[in-house]
Each structure stands twice: as C-alpha cells, then as structure tokens.
Amino acid sequence: MGIGKSQFSEEELQDYQDLTYFTKKEVMFAHQKFKALAPEKVGHNRNAKLPMAKILQYPELRVNPFGDRICKVFSSSQDGDCTFEDFLDMMSVFSDAAPKAVKAEHAFRIFDFDGDDMLGVGDLRQVVDRLTTPQRLNEADMQQLLQCLLEEADLDDDGALSFAEFEHIIEKSSDFSKSFRIRL
Amino acid sequence: MSGGERKKRGGGGGQGWEEAGAEFYQESYPAAIEADLQALQRDPSHIATLLPSKKTRVATTKRVRNEPRTTLRRRTSTRSRGASTVRRMSTNVHDVAVAMLPDLSENLSNEERIWEEIMQIKAMPICMAQKIQLKHQLQSATKLRLQGFDQLKWQRRKVWQQFRVRLKETYSKMELWHHSLKKIEGNFGTGIVAYFLFLKWLMFLNVLLFLLILAFILLPTILMVAPEAESCVYGTNSTNGSVACCSKAYQNINTSTSTDITDLVQGSGIMEFTLLFYGFYTYQTYGTDGDGLKYNLPLAYICTIIAIFLLSLIAVVRSAARGFKERVVEGEGQFYQYCNLVFGGWDYCIHNEKSAVIKHKALYNEMKAFIEAERMEEERQNRTREEKIKLFLIRLLVNIFVISVLIGSATFIYYIIDISYASIASYPVTSSDEGFQITLSNITQLLFEFLPYMCIVGLNLTIPMLFRYLIVLENYSPLVIVRVTLLRTVFLRLASLCVLLTSFYKLIVQEVGEDECYNSSNLQPACWETYVGQQFFKLYITDFLVQFIVTFFVNFPRSMIARHTENKIIRFIGEQEFDLPKHVLDVVYSQTICWLGCFFAPLLPLMAVIGSFFLFYVKKFACLVNSTPSSQVYRASRSNSLFMLVLLLAYTLAIIPVGYAIAELFPSKSCGPFRGWDTVWSLVISTFMDFPNWLQSILFFVSTAGFGIPAFIFLALLLYYYYAVSAANKHMIIVLKNQLVLEGHDKQFLLNRLSAFIKQQQDQAKFRQEQSSELGNFMQ
C-alpha cells in the first residue's frame, strides 16, 4: 500500500476514517481500486473526476441494473461523474459496517428515478423492469405485481411509497442489508 | 390532521409518532411556512408534497441519532435533525453547509459532545467535501473542556473506539478466505455465500472443541508422568478378570501385531494405542505417586466431553435463535415478500456478467412464480373434489414409497454390516513377518472393513436423486419442495447412522463374566470404545474421500463435458447446479459424525477441523468450477436458519447415543479412563459424593420434587406470560397498521378538501380581480 501513502497525508486519512465507515487501510485500498479504473488520470490528480462511463467499469457496478442511478446519487455534481471522495462515500454506504437506515436512505434515492421524493408507480415499474431485463413482465403480470407490492407497503393508500413507508419495509427485511452491500 | 385530536385517539402505541410530529412542527414551521404558502399559491394540488412525511427523512435521521443510548445526545439529535430538514427543503445543497452548523452561541458544547457529533457525520447523506467542512467547523468551534472524571471517561471512550478500529483492521487482515468468499459472492450471490460462512463457522466451532480437548485431555496426558501400573498376578480366576490384568493383556495384543499401511486408514494396529483413541488414556490419577500436582484424568475426560456438548449446543442455539429472531421481525416471513423481492432482490455484490444474466432471469422467474402462486392459491380453493382426492392419493403413494425406500436401505445397510463382520472374522489375524507388504488378503480385508461405509455413502448419493424426481409428481409449492426433500434426505442419512449404531450396540452389550476381560466368544472387541471410535474414524475418512472423489473425478469431468458439447442430452447429464440442500447435508453429516465420535476418539474434532478446512476448498471447487449458478433464488436469511435447524436436529441425534453410552453402558475393563467402573456416570456420582456436605444437600434438594415441581410450574407460567405478550403484540401490530391506513385516508380526504378550498379561494380572488379591473376599465 505504499503508493497510497504518498498520495494522502495522515490528516486526510484521519478525516476519511472519521467520516466514512472505513479504516485508514481500507480507504487506501479503496483508492487503489479507484485508481485502477483510470491509472494515468488518478496518478496525476488523486481526486480526479472520472466520467460516469469510467466509474461504471467497476465490476459490481457494471453488471448492476441500477449502476447509473448509483453514480448519479453519489456524484457531488449530480451528473454521475464521480471524484474519489464520491467513490469513497459510495463504498462506505455499501460497506458492511454501514447501518441499515443509511443504506435505506440511499436505496430510496436510487430507486427514486424522477426525483420527487416518492416511489410512485412509474418508479416501481422502472425498478421491476430493470431487475428483469432482458425479459419483461407482460402488462397484466406487471399490474398485478405492482398492485400486490403497493398493497403490502403503501400504508396510506396514496398509490406511492413515501420514504417513511419504504424505511418501514426495509426495517423488516433482513435480506436487504445483506444484499445491499459491496465488498471492497 | 391536528396533533391534539390524534393524541386523544392514539392510545399507548402511537406516542413516538406524535412526539416526532409535534417536534417537527415546532421546529420547521416558522422558517418554512412562508415558502410553503408561496408554493401553495402557485399550485394548490401540490399540497400533498408539503406534508412532513413526504418531504423529509426526519424519521431516519432522528432514529439514527437516537440509537446510542445516552441521554446526553438528545440535544445533538434535535439539532442535526433540524439541519437535515433544512437541507431537504432547499435544493441548492451548497449554501446549506453553514446552516447545518449547530448554533453554538446558545449552548457551548463540551469536547465529548463535539466528538460524538463528528462520529455521526458519516451517517449523513451529503458529499465528502461538505462532511469535511462540517467536521472542521465542529473542531474549530469553541468548546468547554471536560473536567475531572468526565474527562477521564471521555478519554477512555476515545481510546476504546481507537482500539476497536485497530482490532477491526487486524481482524480484516487475518480474515480467512476473504477473497474466496468475495469471488463466490460475485458469482453466486449471498444465499450461497451463507453456506460457505456456515462451513467456516463450523470449522471455528471445531477448533474451539479441539482446544478444549487439547487443554484438558491431551496436554496432561503428554506432559505428566503416568503412575506405575498396578501389577497383575495371574493365577486364580478372580484376578484374571481384574482391571490390571485386562489392561496388560490388551496392551500385549496391540504391541505384538505388526503394522500395515492399511492400518493407517483404519486406525488399527499401531494407531490403535495412540492418543487418537479412547483406549490409550489412563484410568489413574496423575501425580499420586510423586508429590505436587495431582490431575484426575478420568474426571477431566468426562467433564471435557460434557463441556464440548454444552458448548456446541450453546453455539448452535445462539445462531439458530438469531435467525429465528430475524424471521419473527420480518413478520412471519410472508408479509413483505413482494417488497423483499423487488427492493432486496438484486445482490449488489455480483460482479460477473454471466451470473448477472442468470440473476436477472432468476428474478424474472421468481416474480412470475409469485404471481403464479397467487393464481394457484385461487385455483386451489376452486379445486374439485376429484382432483383433491387424486392429488392426495398420489402424495400418499409417494410417501409410502419413500418410507419403504428408507426402510429398505436401512435393512440393506444392516445386512451389509453383518456380512462384513462375518467375513472379517473369517480372516485369521495375520501376524505375518512381512512387515509393510500389501498382500491380497490384506486388501480384501480392507475392502470388507470399509464395505458398510461405502454402502452408506453410496446410498446417500443415489437415493436423494430418486427423491428429487419423485417430488415433482407431488405438485408442491417451491418452498415446500426444498423443505420436504431436505427432510427426507436427512432421514435417510440419520437412518443409516442409526443402523450403524444398532449394530454396534449388538456387539457391545454382552454379559462379561467376572473372570474374563471381554466376551470373546461373541466377537466382542477387547476395547469396544476404541473399536467404536475406529468405526467413526473410518466413516469420517470415507465420507471425506468420497466428497473429494465425487467432486474432482465425477462431477468435474461431467461439467467439462457439458461445457464442450452441443449435444442436448449430454449437456443435460453433465450440467449441474449448486444444489444447496445437498451440500448442507454433507457438512452437517460430517459434523454429526464428529459429535458422535468425540467421546470415543478425542482427536476427532481435530480431524474435523482439518476436514472442514479442506472441505471448504472442495466445495469451492464444486461451486465455482463444476456448477452453473442456480436458477433458484436462495435467500441468505432463510437458508441460514434452515442450516441451523438441520444442525440442531443432527445434534439431538448425536447426543442420545453418546448420552446412553455414558450413562448406561459398561465400560470395557481393559482400556480407557473408566475401566473398573460400572458406568462412566458412576465416576461423576462418586466425585459428587466427595463434595462438601452443604453443597451435596443443596444439589440433592434441587433434584427433589419439592424443588422440581414449583420450578416447573414457574417456568410454565413464564412461558405462558411470554406467549401472551407476543400474542398481544401481534394483535397490536394489526391494530396499529389499520390505524395507519385510516390516518392515511383521513389525510387524503383533508388534503383534497384543503386544495379544493384553496382553489376556490383563488378562483374567487381572480374573479374579484377581474371584476375590479373590468370595473376600472369601465370607469375609464
């Protein structure tokens, strides 16, 4: 990890350790992974901003149906391009140590495609579609699925999931925190 | 909806809500109300988005903050909550950083509080630059220094935190199989990884068991000098059967026979009289003839075995309980199945294209299956009587068939064991001088020795396949299929073990006369405990070797063929999925053998450690190379509780025969720590008699009915109390949920009314404006 040391001062590492769910070693390891995405660029500027296409080369994100959404949510410029700090934030949320509520908060934003702070029918439909590509559920099945979904979770019957409702589900799902996780 | 009205209705359960709501209003209204009203005027129907529950993540941030239990943090929590409220209201996040800063002029924080706040920044959903800024601002803020004891306490907390980070760092460096697990996870998802974690957990359990044995049995035996054995006087009949003479005779048998290579795998010959088996351990107390340290090995032996079983029980039950608790929290599993599937369906850890494709497909199938199941449920209610009867008959037939197969294989094993013993007995003990030569007779003998175990393992391999084809006929739902197959396979495996145990029992339980060491006329082995230990040793080795061979020499070629051929039939034969229930059983089975055998062969846990270490790699190979990702979605939580349940079942099976052997059977006279006692347990009882009187009387009292019955009643009452509480809670959940729905309806209704009202007012205002402007025009 000698390369990492030369690029960060001890103070910065301490900051990162305090502000993420990582230890210093893990931060440096994350930086190595980040550097591997674009070695020459990050070599010059350790906090270089990489375009979304580059970030999506990260193996777990490449195959993830929500890869672009994840980038957008964590990008500090909101366009999907990520600096190392954004990347670190992302990995921190996906790490084992991050509590469920933090994960839920970000998951909600990932699933909220239209950004209206509600998971409406359109959002849910898109989530399901992205999960099942290349196949698609036919319209009748989709209708039924969404209906069942809302029946389970939509407590106030307004046809959309608010964050409180979403969090309520996540709270009861032991699988969520296990699956919403990327090992560094 | 007014808070007051709700408070009247809300009763006990809803207080948390109320509080949160009330606080929110106090906090954010003065600041936000102006903006809200403006927005409202622009678009009246938009009013729903202004609701607190829609707009902010108050609930989350609040809960996160409140999780740590100190009351000190209360103020902190409100403050940062207010901050995040502000953040959500404004879209331009960058100006907000200042606003997020707590107002420090009001109340100066002390160092500890500041530090706590810094620790909590990480939970905020903002970008790193802002986090750093926030941290620096917090750090540079004026703060009170803590004095005296508080300072000490805070320093201690800080050091403890740092120590934990260090520990985590070293632990993650040492973590076994980190990369393997990541790789498996990337290819197969969390459900399969749960299996490998289970394997790892078992290995550590075995390490723990072995350490116990090492500390209390092995080290004393190796390090301490054994007292001089009692001398044996041959002659009269009564002394011929004495412990001393029998031991001597047994040792003579063992040292006189030569050793073959075959003995190494059988654990006989030279291997028999080693630390590996029960027979080696002395029945005398160490250090009686010298001065100084005394060590009662027999007592230590039995206590260690009991400790091993207790420890295993605690470990298994703890893990099982954790899984059980999760399931209960989930609300009996079935409440949120759709949400679980949609929001928790994707494994974010997958990084392999191919498995991603399969995962997509699996999710698609699962969704289809859910919808299908919904329809099937309807169909089942509409099933005609004829269909019902037909299905019932089919299931009955299949079950009868399954049971007869189980019984058939049990009898088969029984006869094979019989044949094997008979043929071994027909071979004379070859006290040959050829030394390490492998003769034909040796090999045949070896073959016969291993025959029963090969049959058991062979049946375990073939019969489950039969079961898997049968279950298709029965038309169960997918979840039930996994359970039923698993249960049947468990019964098969346990049945074969039971048969093995009965055949041992027949051999062991015989009248031993006063004047002889063992019943030699009926083939009873001189030291039956060692003999049983040897059998388990052999079974363990056979089982492991078969796993190895099947994985590398059967399944591997199969998968290679499947990969390189286009022929559909060959592909069908060759292709294999990672069949989770089967692999779980493999592991549980070897663990059962380990538990069963650890009394008779104390080094078996060590074997199990080594075995499970290599088994990890064997299974990893089976998973990564041989199998294609399963088209079935295995859930980590569900499979984990299943593993533990099966393990608990196996544990129960293991403890019964071992307990029986300890409590009832007559230990052999010629070997082992318990020679000379009637049963192993009588040693414990006689030790108990040496306890001080008061302790004895207390323990006696505990065992009397005068204590037992009240205790039992008390426990029953306690159990009933908890049952009642849980039932009440369940009821409460339903009531509260209904209430929530009701509130939702109320809210919707009021909102609609409100927006209609506003609209009306706006229209009126517009109308008036128009009128006045018209009037103005007219006037002009």
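In this numbering scheme, every chain counts its residues from 1 along its sequence in written order. Each chain is given a letter, starting from A, and each ligand a number, starting from 1, according to the order in which they appear as written. At least 70 in pLDDT is required for a residue's local features to be given in this predicted model, at least 80 for side-chain atom pairs to be given and counted, and no such filter applies to totals for whole chains, interfaces and linings, which use all residues. Processing note: side-chain calculations cover all non-hydrogen atoms of the structure and skip hydrogens and water entirely.

Engineer: Which parts of the structure should I look at to understand a negative patch on the surface?
Structural biologist: All names here are of chain B. Residues form patches when they are more than 30% accessible in relative terms and have no salt bridge. Like charges link within 9 Å. Nonpolar side chains (Val, Leu, Ile, Met, Phe, Trp, Tyr) link within 5 Å. Residue exposure ignores everything except the shown protein chains as possible cover, and the areas themselves are Shrake-Rupley values with a 1.4 Å probe. One speaks of a salt bridge when a side-chain nitrogen belonging to Lys or Arg is within 4 Å of a carboxyl oxygen belonging to Asp or Glu. Positive charge is attributed to Lys and Arg, negative charge to Asp and Glu, and no charge count is given to His or to the chain ends. Here the site of a charge means NZ on Lys, CZ on Arg, CG on Asp, or CD on Glu. A surface patch of like charges, here negative, comprises E372, E379, E386 and E387. Helix numbering and strand numbering both begin at the N terminus, where a helix is a DSSP run of H or I of at least 4 residues and a strand a DSSP run of E of at least 2. Within the residue set of the negative patch, elements represented by two or more residues are α17 (353-381) and α18 (385-426). Here E379 lies in helix α17.

Engineer: For this particular structure, what's the right way to read the confidence of the model for chain B?
Structural biologist: Segments scoring low in pLDDT should not have their predicted coordinates read at a detailed level. Residue and element names in this part refer to chain B. Looking at chain B as a whole, the pLDDT averages 74, with 73% of positions reaching at least 70. pLDDT is defined as a per-residue confidence score from the predictor, taking values between 0 and 100. Ranking the helices and strands of chain B by mean pLDDT puts helix α24 (residues 604-626) first, with 89, and helix α5 (residues 74-89) last, with 38. Note on definitions: a residue-residue contact is assigned when non-hydrogen atoms from the two residues lie within 4.5 Å. The low-confidence segment residues 56-106, where pLDDT is below 50, has 86 contacts with residues more than four positions distant or belonging to other chains. Both scores are given for the predicted complex: the pTM is 0.73, the ipTM 0.87.

Engineer: Would you mind going over the pattern of salt bridges with me for this structure?
Structural biologist: Two side chains that carry opposite charge are able to pair once their charged atoms sit near each other. The full count for this structure, using the stated rule, is 13 salt bridges over all chains. K24 of chain A is the salt-bridge partner of E10 of chain A, the closest N and O atoms lying 2.9 Å from each other. Of the two residues, E10 of chain A is situated in helix α2 (residues 10-19) and K24 of chain A in helix α3 (residues 24-37); the sequence distance between them amounts to 14 residues. Here the residues in one salt-bridge network are D15 and D18 of chain A together with K135 of chain B, joined through shared partners.

Engineer: Whenever I open this one, the domain arrangement of chain A confuses me. Can you help?
Structural biologist: How large an interface is tends to be reported as the accessible area lost when its parts come together. Residue and element names in this part refer to chain A. Domain segmentation is taken from an automatic or database assignment of domains. One can read the domain layout of chain A as domain 1 (10-93) and domain 2 (100-179). Using only C-alpha atoms to locate each centre, domain 1 and domain 2 end up separated by 26 Å. Between domain 1 and domain 2, the contact holds nine residues from the first and 11 residues from the second. The largest share of the area that domain 1 buries against domain 2 comes from F66, R69 and V93, three residues that together contribute 57% of it. At the junction of domain 1 and domain 2, the tally comes to one salt bridge. Buried surface area refers to the total accessible area, computed with a probe of radius 1.4 Å, that the two partners give up upon joining, counted for both partners together.

Engineer: Before we go on, may I ask you to explain the packing of helix α10 (residues 121-132) of chain A against helix α11 (residues 139-153) of chain A in this structure?
Structural biologist: Two quantities define a packed helix pair, namely the angle between the axes and the distance from one axis to the other. Residue and element names in this part refer to chain A. At a closest axis distance of 11 Å, the pairing of α10 and α11 adopts a crossing angle of 115 degrees. At the point where α10 passes α11, the crossing takes the right-handed sense. Residues V121, L124, R125, V128 and D129 of α10 pack against E139, M142, Q143, L145, L146, L149 and L150 of α11. Of the residues in the contact of α10 with α11, the class split is eight nonpolar, one polar and three charged. Orientation is described by axes fitted as lines to C-alpha atoms, over the contacting stretch for helices, and by angles from 0 to 180 degrees between their N-to-C directions. Helix crossings get a hand from a simple test, with the near helix turned counterclockwise from the far one by less than a right angle marking a left-handed crossing and a clockwise turn marking a right-handed one. Polar here means any residue other than Ala, Val, Leu, Ile, Met, Phe, Trp, Tyr, Cys and Pro, which are nonpolar, and Asp, Glu, Lys and Arg, which are charged; Gly is therefore polar.

Engineer: Whenever I open this one, the side chain of D18 of chain A confuses me. Can you help?
Structural biologist: Residue position: D18 of chain A is located in helix α2. The classification of residues rests on relative accessible area computed with a 1.4 Å probe and restricted to protein chains. Under 20% of the type maximum is buried, over 50% is exposed, and intermediate values are partly exposed. Take D18 of chain A: its relative accessible area is 13%, and that puts it in the buried class. Those residues within four positions of D18 of chain A in sequence are excluded, and the remaining contacts are I118, M119, K122 and K135 of chain B.

Engineer: In this structure, what is going on with the interface of chain B and chain A? I would like to understand it.
Structural biologist: Between chain B and chain A, the residue contacts involve 75 residues of the former and 80 residues of the latter. Taken over both partners, the interface formed by chain B and chain A buries close to 7,400 Å², and the fraction arising from carbon and sulfur atoms is 57%. Scanning the region where chain B abuts chain A turns up five salt bridges. Notably, a salt bridge pairs R62 of chain A with E353 of chain B, separated by 3.0 Å at the nearest N-O pair. For this analysis, a polar contact is any N or O atom pair within 3.5 Å, provided that within protein one partner can donate a hydrogen and the other can accept it, and provided that sequence-adjacent residues contribute only side-chain to side-chain pairs. At the surface where chain B touches chain A, the tally comes to 10 residue pairs in polar contact (both at pLDDT 80 or more). When residues in the side of chain B that touches chain A are grouped by element, the largest group, 11 residues, is from α17 of chain B. Across the side of chain B that touches chain A, the residue classes tally to 34 nonpolar, 16 polar and 25 charged.

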